[in-house]
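Structural features, examined
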Amino acid sequence: MREHDANDQHENQLHQHDHRRLGRELGLFDSDPLIGAGLPYWLPDGAAVRHSLEEYIREVERRAGYRHVYSPVLGKRELYEISGHWQHYRDDMFAPMELGGQHGEEQLVLRPSLCPHHALMFGSRSRSYRELPLRLAELGAMFRSERTGVLRGLTRVRAIQLNDGHVFCTPDQVADEAAAALELIRRAYAALGITPSRYRLSLPGPGGKYVAAPELWERSTALLREVLDRSGLPYEEAEGEAAFYGPKIDVQVVDNAGREATLSTVQVDFHQPERFDLHYVGADGAKHRPVMVHRAIIGSVERAVAHLIEQHGGAFPAWLAPVQVAVLPVAEDQLPQAEALEARCLDAGLRVELLGPERGSLGARIREARLAPYQAVIGAKEAADDHVALRLRDGRRIDPLPADEVLARIGALVGAHRVELWE
């Protein structure tokens, strides 16, 4: 009986932290059969989390020397025949769209990947070795023709917003660029409060789904082993998990139910530069083939947010929280001061919500705002002194402080993407 009760309790805990249930309860995302399975839409609070995450990643990449681009979500079938996706990845792609009549002159495909577009960008003009490494990044949509039975919330979807990036570099630069990408992943996980379950070196397995180029596989695998060994990170090797064009470092995470998934990747690719006939002019004046380093710092935005919802139970780090400051006047008399504080929060770039006495007792409003990192309580004394009595989400209470000081300290923690609520 005790074992049965323990199992029930465990199942209840899994249910409580299931991102699908929490996402709907907290008004983060939802879906509709008229839109289609595997195509969730984002509600205002979920959009705030997603926007903050995307802006953070863009800034991290910008500081790391990446240049951001935009590319179309469609491409001609020929593009994916050149890249190898049509041959090796076709079962996961949506069927081509015929343009120009019944026997269309063109076939357009919803892209399964961003790398062919970025390869064409690199090859759009002559490049010098002095431009390398050239780091391109994009938060772009890609599409996967998933079977209905495997779709799950935000973790398995058909329209994916990918934090993608490609570094075009010389062979001598590959190891440093891959190592730098791993460091970006480490920093992002620290800001998000994510702990990876393990690092995996994903290698090819038997079968014909991989590009047949043994020498290139050996070179790229040796480079990624060097990067992992140099980083000091423990890792495991797994056959059959590589991309069709090359090996990859996969950063694995585990959800609340113990399911493992890949969140971030670093890949070395000799294949696509050859397929697209990419080259740069070296110091010797001759043409040389660049190497592509593919990297996704947080992978798909959908999967990243799903993991964050489950890991934090909806209580996101302050810089990600949909509502960062809940303003709570004790009584109607303090409403003018509460409204003024709300305006100052907005001016400071903070997401704020005012919960006035019309929403119930102070205790009820505190419970309603339990997921907000900061609750700014304003009573008669605080209103008179322009102070705030701050309650932190973790239960700590801060003695009343001047409102400007409170906002400055919150703003500094949010701006630094800290997981700590107070210092």
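Computed from a predicted structure; not experimentally measured.

1. What about the nonpolar core?
Counting residues in each nonpolar core, the largest one holds 81 residues, and the members touching the most others are Tyr-374 and Leu-390. Broken down by element, the residue count for this core peaks at eleven residues, all from helix α7 (residues 174-192). The residues contacting Tyr-374, other than those within four sequence positions of it, are Ala-318, Gln-324, Val-325, Ala-326, Leu-390, Arg-391, Leu-392, Ile-410, Leu-413, Glu-420, Leu-421 and Trp-422. By size, the runner-up hydrophobic cluster in this structure holds 17 residues, among which are Val-69, Ala-119, Phe-122 and Leu-132.

2. Focus: helix α14 (residues 403-415)
Taking 1.5 Å of rise per residue, 13 residues should cover 18 Å, and α14 covers 18 Å from first to last C-alpha, within 8% of that figure. Along α14, the positions that sit buried rather than exposed are Ala-403, Val-406, Leu-407, Ile-410, Leu-413 and Val-414. The arc enclosing the buried residues of α14, seen along the axis, measures out at 130 degrees, which places them on a common side. The exposed set on the far side of α14, more than 90 degrees from its buried face, consists of Asp-404 and Gly-415. Contacts from the buried residues of α14 go to β16 (325-329), α11 (335-347), β18 (374-378), β19 (387-392) and β20 (397-402).

3. Some remarks on the confidence of the model for the protein chain
In the predicted model, the protein chain carries a mean pLDDT of 92, and the fraction of residues at 70 or more is 95%. For the stretch residues 3-11, pLDDT sits under 50, and the model shows zero contacts to residues farther than four places along the chain or on other chains.

4. Observations concerning α11
For α11, with 13 residues, the first-to-last C-alpha span of 18 Å sits near the 18 Å given by 1.5 Å per residue. Every buried residue of α11 is accounted for by Leu-335, Ala-338, Leu-341 and Cys-345. All buried residues of α11 lie within an arc of 120 degrees about the axis, which places them on one face of the element. For α11, the elements touching its buried residues are β16, β17 (352-354), β18, β19 and α14. Of the residues trailing α11, Gly-349 is marked for its positive phi of about 80 degrees.

5. Structural notes on the environment of Asp-250
Note on placement: Asp-250 falls in strand β11 (residues 248-254). Sequence separation of Asp-250 and Leu-350 is 100 residues, and the distance between their C-alpha atoms is 34 Å. With residues up to four places along the chain from it excluded, the contact list for Asp-250 reads Arg-198, Tyr-199, Arg-200, Ser-202, Glu-241, Thr-262, Ser-264 and Thr-265. Side-chain polar atoms of Asp-250 contact the side chain of Ser-202, separated by 2.5 Å. Among the polar contacts made by the side chain of Asp-250, one reaches the side chain of Lys-248 at a distance of 3.1 Å.

6. Section: the packing of helix α3 (residues 44-63) against α7
Close contact between α3 and α7 brings their axes to 12 Å; oriented N to C, the two are set at 145 degrees. Seen from above, α3 lies across α7 with right-handed handedness. Every residue of α7 that contacts α3 at Leu-53, Tyr-56 and Val-60 is listed here: Leu-184, Arg-187, Ala-188, Ala-191 and Leu-192. Of the residues assigned to the contact of α3 with α7, the class counts are seven nonpolar, no polar and one charged.

7. Considering the packing of aromatic side chains
Taken as a whole, this structure holds three aromatic pairs when the rule is applied. Taken together, a centroid distance of 4.7 Å and an interplanar angle of 20 degrees make the contact between Phe-122 and Phe-168 stacked. Taken together, the positions of Phe-122 in helix α6 (residues 115-122) and Phe-168 in strand β8 (residues 159-169) put the pair 46 residues apart, joining distant regions of the chain. The burial state of Phe-122 is the same as that of Phe-168; both residues are buried. Between Phe-244 and Tyr-245, the aromatic rings sit 5.0 Å apart at their centres with planes inclined by 80 degrees, giving edge-to-face as the arrangement. The exposure class assigned to Phe-244 is buried, which follows from its relative accessible area of 7%.

8. Comments concerning the pairing of β18
Along any regular strand the residues' side chains alternate between the sheet's two faces. Summarising burial for β18: five of the five residues are buried, a large majority. Side-chain alternation along β18 places Tyr-374, Ala-376 and Ile-378 on one buried face and Gln-375 and Val-377 on a second face that is also buried. Sheet topology places β16 next to β18; five bridges connect them, and they run parallel. By the bridge assignment for β18, Leu-328 is matched with Val-377.

9. A closer look at the pattern of salt bridges
Under the definition given, this model contains 37 salt bridges. Residue Glu-183 pairs with Arg-186 through a salt bridge whose shortest N-O separation is 2.7 Å. Note that Glu-183 and Arg-186 are positioned in helix α7 at a spacing of three residues, about one turn of the helix. Residue Glu-183 is classed as partly exposed on the basis of its relative accessible area of 34%. Residues Asp-250 and Arg-200 are paired through a salt bridge, measuring 2.8 Å at the closest nitrogen-oxygen approach.

10. Let's talk about the packing of α11 against α14
The description of two helices packed together rests on the angle between their axes and the distance between the axes. It is the contact of α11 with α14, at a shortest axis distance of 11 Å, that shows an interaxial angle of 35 degrees. Note that α11 runs across α14; the crossing there is right-handed. Residues Leu-341, Arg-344 and Cys-345 of α11 touch α14, and the partners they reach there are Ala-403, Asp-404 and Leu-407. For the contact of α11 with α14, the class distribution of residues is four nonpolar, no polar and two charged.

How each quantity is defined
Residues numbered from 1 in each chain as written. Predicted model: local features only at pLDDT ≥ 70, side-chain atom pairs only at ≥ 80, totals over all residues. Heavy atoms only, no water. Core = buried A, V, L, I, M, F, W, Y, C linked by side-chain atoms within 4.5 Å. Buried < 20%, exposed > 50% of the residue type's maximum accessible area, 1.4 Å probe, protein only. Helix = DSSP H or I, 4+ residues; strand = E, 2+ residues; numbered from the N terminus. Contact = heavy atoms within 4.5 Å. Expected span 1.5 Å × (residues − 1). Arc of directions from axis to C-beta. pLDDT = per-residue confidence, 0-100. Polar contact = N/O pair within 3.5 Å; in protein donor to acceptor, adjacent residues only side chain to side chain. Axes fitted to C-alpha atoms, helices over the stretch in contact; angles between N-to-C directions. Left-handed = near helix turned anticlockwise from the far one by under 90°. Nonpolar A, V, L, I, M, F, W, Y, C, P; charged D, E, K, R; others polar. Phe/Tyr/Trp six-rings, centres within 6.5 Å; stacked < 30°, edge-to-face > 60°. Pairing = 2+ DSSP bridges. Salt bridge = Lys/Arg side-chain N within 4 Å of Asp/Glu carboxyl O.

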